[in-house]
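# Structure at a glance
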Amino acid sequence: MNRSKSSLLLLLIISPVLCDIPRCTHDNMGGHPFCIPENYDKDVIPPTDGPLEVFVDIFIFEVSKINDIALTMTFELYFDLMWEESRFVINQTSDKWGQDGSFMGSTNFVKSLWLPDIQIFKCKQFKKREIVTDVAGLIVWNDKKLLYTVSTEVVVDCPMKFR
């Protein structure tokens, strides 16, 4: 009996965290500031008139390790990706938009979104930081721009010559 109460309590605590981006149409927005259409496919690049521009910013806040045996360097950094998700349906009249036209979305939404496939030259390891969930952020603007930022530890090959 105690075990079933614990399971129920755990289920109730976790349930609000397991959320997804609302699916909607232009006619059925609900109170959401944005949503994705029913036919949204996260495996398809957002359509544009030309190439999709993805802006990448890297903010290195620490070189945490230099390994002269393995010839690697370890960096602690924030990795930012920004692009336009043209398939978002925007509710311009929502009162949830900030003064700058932004909305702080849940990082739980990320698993439902198309994400750019980024490669880092000579990267050996890319680890997202986690505490309870990923140390990350998701901001959506009412012009359909999206910013995904994540705190990471990156290990890169760094050929060194000592004389």
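Criteria and cut-off values
Residues numbered from 1 in each chain as written. Predicted model: local features only at pLDDT ≥ 70, side-chain atom pairs only at ≥ 80, totals over all residues. Heavy atoms only, no water. Pairing = 2+ DSSP bridges. Helix = DSSP H or I, 4+ residues; strand = E, 2+ residues; numbered from the N terminus. pLDDT = per-residue confidence, 0-100. Contact = heavy atoms within 4.5 Å. Buried < 20%, exposed > 50% of the residue type's maximum accessible area, 1.4 Å probe, protein only. 1 Å grid on protein atoms, 1.4 Å probe; cavity = no way out; pocket = protein on both sides within 12 Å on 5 of 7 lines; lining within 4 Å. Points joined across faces, edges and corners; volume = space filled by probe spheres on them. Nonpolar A, V, L, I, M, F, W, Y, C, P; charged D, E, K, R; others polar. Salt bridge = Lys/Arg side-chain N within 4 Å of Asp/Glu carboxyl O. Polar contact = N/O pair within 3.5 Å; in protein donor to acceptor, adjacent residues only side chain to side chain.

## Remarks on the sheet that holds strand S1 (residues 23-24)
Spatially, three strands are ordered S1-S2-S5 in an open sheet, and the strand pairing comes out mixed. A single partner strand is all that each edge strand has here, and the edge strands are S1 and strand S5 (89-90). The sheet contact formed by S1 and strand S2 (residues 34-37) spans two bridges and is parallel. Residue pairing across strands places Cys24 opposite Pro37, the latter belonging to S2.

## Observations regarding the confidence of the model for the protein
Looking at the protein, the pLDDT average stands at 82 and 84% of residues meet or exceed 70. Contacts for the low-pLDDT stretch residues 1-19, under 50 throughout, to residues beyond four places or in other chains number five contacts.

## Observations concerning the pairing of strand S4 (residues 72-84)
For S4, the tally of buried residues reaches 10 of 13 residues, placing the bulk of the element in the interior. Here strand S3 (residues 55-67) pairs with S4 via 11 bridges, running antiparallel. Counterpart to Asn67 in the pairing with S4 is Thr72. As judged from the 13 bridges shared by S4 and strand S9 (residues 145-157), these two strands associate in the antiparallel manner. Counterpart to Phe79 in the pairing with S9 is Val150.

## Topic: unusual backbone geometry
Of note, the phi angle at Leu71 is positive, near 55°, even though the residue is not glycine. Tracing the backbone through its elements, the reader meets Leu71 in the loop between S3 and S4. Of the residues examined, Leu71 reaches a relative accessible area of 31% and is grouped as partly exposed. The phi angle at Lys122 is positive, at roughly 65°, despite the residue not being glycine. Locating Lys122 in the fold gives a position in the loop between strand S6 (102-105) and strand S7 (123-128). Take Lys122: its relative accessible area is 36%, and that puts it in the partly exposed class.

## Here's the deal with the layout of surface pockets
By volume, the largest pocket amounts to about 250 Å³. Contributing to the lining of the largest pocket are 13 residues, with Phe79, Leu81, Pro116, Ile118 and Phe126 lying nearest its centre. Residue assignment for the lining of the largest pocket shows that the elements contributing at least two residues are S4, S7 and S9. Along the lines of polarity and charge, the residues of the lining of the largest pocket split into 11 nonpolar, one polar and one charged.

## Points about the environment of Phe75
Looking at the element boundaries, Phe75 is found in strand S4. On the basis of relative accessibility, which here comes to 16%, the residue Phe75 falls in the buried class. As for Phe75 and Val154, which are separated by 79 residues in sequence, their C-alpha atoms are 5.2 Å apart. The residues contacting Phe75, other than those within four sequence positions of it, are Ile60, Glu62, Val63, Ser64, Thr152, Glu153, Val154 and Val156.

## Let's talk about the pattern of salt bridges
With the rule as written, the count across this model stands at five salt bridges. In this structure, the salt-bridge partner of Glu153 is Lys127, at a minimum N-O distance of 3.5 Å. With Glu153 in strand S9 and Lys127 in strand S7, the pair connects residues that are 26 residues apart, well separated along the chain.

## What to know about the side chain of Asp80
Here Asp80 is to be found in strand S4. A polar side-chain atom of Asp80 sits 2.2 Å from a polar atom in the side chain of Thr149. Apart from residues lying up to four places away in sequence, Asp80 is in contact with Phe55, Val56, Asp57, Phe59, Leu147, Tyr148 and Thr149.

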